[in-house]
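Commentary on secondary and tertiary structure
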Amino acid sequence: MAKLRTLSWKPRLPANRGPMYLAIADAIGEDIRSGQLAPGDRLPPMRALADWLGIDFTTVTRAYAEAARRELVDAEVGRGTFVRKRALPPPRTVTVGAVEMSMNHPPAFHDPALLERMWQGMRDVQARGEDLLMRYQPPGGTPYDREVGAGWLSSHIPGAAADRVLVTAGLQGGLHSVLSMLLSPGDTLAVEALTYPGVRALAALLRLRLVPVAMDEHGVDPDALDAVCASESPKAFYCMPSLHNPTAITMPVERREAIAAVMKRHNLPIIEDDDYGSLPAQVLPPLAVFAPALTYHIAGLSKCLSPSLVVAYVLTPDAWSAARLTSVMRATSGTVSSLSAAVTSRWIEEGTAAQVVQAIRTEANERLAIASRMLPRSQVAIPKDGFHLWLRLPEPWTSGEFVGGLRNAGLGIVGREAFSVGPSPEAVRLALGASGTREQLREGLGMVADLMTQSPMMLSPVVGCVLSFYALCGEGWAP
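Residues numbered from 1 in each chain as written. Predicted model: local features only at pLDDT ≥ 70, side-chain atom pairs only at ≥ 80, totals over all residues. Heavy atoms only, no water.

**Things to note about the overall build of the protein chain**
When helices and strands are counted, the protein chain shows 17 helices and 14 strands. When burial is assessed residue by residue, the protein chain has 52% of its 479 residues classed as buried. Restricting to contacts in the protein chain with at least 6 residues of sequence separation, those with at least 24 account for 73%. As displayed, the protein chain has an accessible area near 21000 Å², and 56% of this comes from carbon and sulfur atoms. (Helix = DSSP H or I, 4+ residues; strand = E, 2+ residues; numbered from the N terminus. Buried < 20%, exposed > 50% of the residue type's maximum accessible area, 1.4 Å probe, protein only. Contact = heavy atoms within 4.5 Å. Areas by Shrake-Rupley, 256 points an atom, 1.4 Å probe, with all protein chains shown as cover.)

Shown next, in the form of structure tokens:
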């Protein structure tokens, strides 16, 4: 029979605990390992623990659910929550071999008060009840959410109005809808020579032809764009002017004006990917400012706010274009989740979103500083306020060999092949936000820096074993 002595168990919560529900789950695990909680012991009823801690009942519910996810406890309907009777596995440790630098999401910041404010915004939305749960979200978003989106964009795009703004299911959802509206199968889309892999995937899906436009250290070359528009007859031009993925280049204002002038001369639509545009402390005017009648500006929030929301704002050239795009969204399932849209609007209206952007920016710059100290500056340009790098490889490395060498050690990065529409230099993208901690980032970057000093000929099974050993112990090596 399960013991009842644990009805009086109370978690010990550190001052810098982070989210309360995670702190409670951590305390359960610690007390199991220390022996204070034994297999079969029953935890306090959730409401009793919530009353003792002076917190919301749902917080304890989430804490117990998290403990169950970690396989620490079992819940039995009508009886309570019990410590699992089988032996507890040792704490899971994360080694450099598990460091991930391929998925480019924002770095985790460490501000418990701000995280709690984000959760409180979700709880405020929860209070609206079935108004959100039992109704469809209109394509393009509710008038309120579109108004909030217009306010978010108007800080750097004067004149952004709600009748031109649509709320979409993330940048990819907005991009899918815009491409579907502007181009037909077989049409040509001009893109930067190195471009976002999501565009390549959509082009394959929609059977579009991609034509690369040459780039230099400032982004797209206006003369090359002019030539492509004249010779290839594209139906639109897609680009990412701010913190370009993968090169991290931000076009200067003069280059943006020149690009807009080319597109005006050819009277062609611009699809402006502004997924990273809110990250810089000094936001440059988007192309939508210089060519408003031609530009479909897609401002994703996954990189600057939260990937879990999957929300983006599309600013169209005019209200008629917004109405047309709404119909396309209805046909392509581009409707955003009503819960995600409501949370986003809440965070923006309360000022939480601005604080989150600042927190992500601060953590990103800390990680960029680490990269600046560890990587050869001759091979990489360190941007400001972003969290990915474009690392040029020394000869005779190819990106495939370099990616493979690190994969042998369990470190994931992305090579140029994922981004190249035409010929491109040998390089790889490093996503600095994907590492859980700065220490993991340091060790992962150490592996990258060390491998750059070696020859591809060293990638033998023996060296693969050495790389794997390096990943496990975190020590440098020199053959």
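**Some words on the packing of aromatic side chains**
This model, assessed by the stated rule, comprises 4 aromatic pairs. Taken together, a centroid distance of 5.8 Å and an interplanar angle of 90 degrees make the contact between W390 and F419 edge-to-face. Here W390, found in strand β12 (residues 388-392), pairs with F419, found in the loop between β13 (414-415) and β14 (427-431); they are 29 residues apart in sequence, far enough to count as distant. The exposure classification of W390 matches that of F419, with both residues buried. Over the ring of F57 we find R47, and its NZ or CZ is 4.2 Å from the ring centre. (Phe/Tyr/Trp six-rings, centres within 6.5 Å; stacked < 30°, edge-to-face > 60°. Lys NZ or Arg CZ within 6 Å of the ring centre and 35° of its normal.)

**A short note on helix α4 (residues 112-126)**
For α4, spanning 15 residues, the distance from its first C-alpha to its last is 21 Å, which sits close to the expected 21 Å at 1.5 Å a residue. Considered for burial, the residues of α4 that qualify are L114, M118, G121 and V125. Across the axial projection of α4, the buried residues extend over an arc of 55 degrees, all falling on one side. More than 90 degrees from the buried face of α4, the exposed residues found are A113 and Q126. (Expected span 1.5 Å × (residues − 1). Arc of directions from axis to C-beta.)

**Thoughts on the layout of surface pockets**
Quantified by volume, the second largest pocket comes out at close to 540 Å³. Looking at the second largest pocket, it is lined by 22 residues, and the ones nearest its centre are A108, F109, L115, M118 and S306. Every element with two or more residues in the lining of the second largest pocket is listed here: α1 (20-34) and α4. Element by element, the count of residues in the lining of the second largest pocket is highest for α4, at 4 residues. (1 Å grid on protein atoms, 1.4 Å probe; cavity = no way out; pocket = protein on both sides within 12 Å on 5 of 7 lines; lining within 4 Å. Points joined across faces, edges and corners; volume = space filled by probe spheres on them.)

**Comments concerning the packing of helix α15 (residues 399-408) against helix α16 (residues 438-452)**
Helices that pack against each other are described as a pair by the angle of their axes relative to one another and the distance between those axes. Closest axis-to-axis distance for the α15/α16 pair is 11 Å, and the angle between their directions is 130 degrees. Taken together, α15 and α16 sit at an angle that is classed as oblique. For α15 against α16, the interelement crossing comes out right-handed. Contacts between α15 and α16 involve F402, G405 and L406 on the former and, on the latter, M447, V448, L451 and M452. Across the contact of α15 with α16, the residue classes break down as 6 nonpolar, 1 polar and no charged. (Axes fitted to C-alpha atoms, helices over the stretch in contact; angles between N-to-C directions. Parallel < 35°, antiparallel > 145°, perpendicular 65-115°, else oblique. Left-handed = near helix turned anticlockwise from the far one by under 90°. Nonpolar A, V, L, I, M, F, W, Y, C, P; charged D, E, K, R; others polar.)

**As for the environment of H176**
For H176, the position within the fold is in helix α7 (residues 170-182). H176 sits in the partly exposed class, given a relative accessible area of 21%. As a C-alpha pair, H176 and L205 span 29 residues in sequence and 9.7 Å in three-dimensional space. Every residue in contact with H176, bar those within four places of it in the chain, is listed here: L202, L205, L206 and T332.

**Quick look at the pairing of β14**
By the criterion of burial, β14 is predominantly enclosed, with 5 of the 5 residues buried. As paired elements, β13 and β14 share 2 bridges and run antiparallel to each other. From the neighbouring strand, V414 faces β14, where its bridge partner is R429. (Pairing = 2+ DSSP bridges.)

**Looking at the sheet that holds strand β8 (residues 236-239)**
Across the sheet, which stays open at both edges, the 7 strands sit in the order β3-β11-β10-β9-β8-β4-β5 with mixed pairing between neighbours. Lying at the two open borders of the sheet, with one neighbouring strand each, are β3 (165-168) and β5 (209-213). Each adjacent strand pair in this sheet contributes to an overall mean axis angle of 20 degrees, direction not counted. Pairing of β8 with strand β9 (residues 270-273) involves 3 bridges; the strand directions are parallel. By the bridge assignment for β9, F237 is matched with I270.

**Examining the environment of M457**
Considering the arrangement of structural elements, one finds M457 in the loop between α16 and α17 (461-473). Residues M457 and P396, 61 residues apart in the sequence, show an inter-C-alpha distance of 9.5 Å.

**Describing the nonpolar core**
The nonpolar side chains of soluble globular proteins are, as a tendency, buried together. If you look at the biggest cluster of nonpolar residues, it comprises 66 residues, and the most contacted ones within it are W152, L175, L179, L189, I271 and Y313. Once residues lying within four places of it in the same chain are set aside, the contact partners of W152 are S278, L301, C304, Y313, I348, A353 and V357. Among the nonpolar cores identified, the runner-up in size contains 26 residues, and V380, L391, L432 and L441 belong to it. (Core = buried A, V, L, I, M, F, W, Y, C linked by side-chain atoms within 4.5 Å.)

Distances and angles like these do not, on their own, reveal function.
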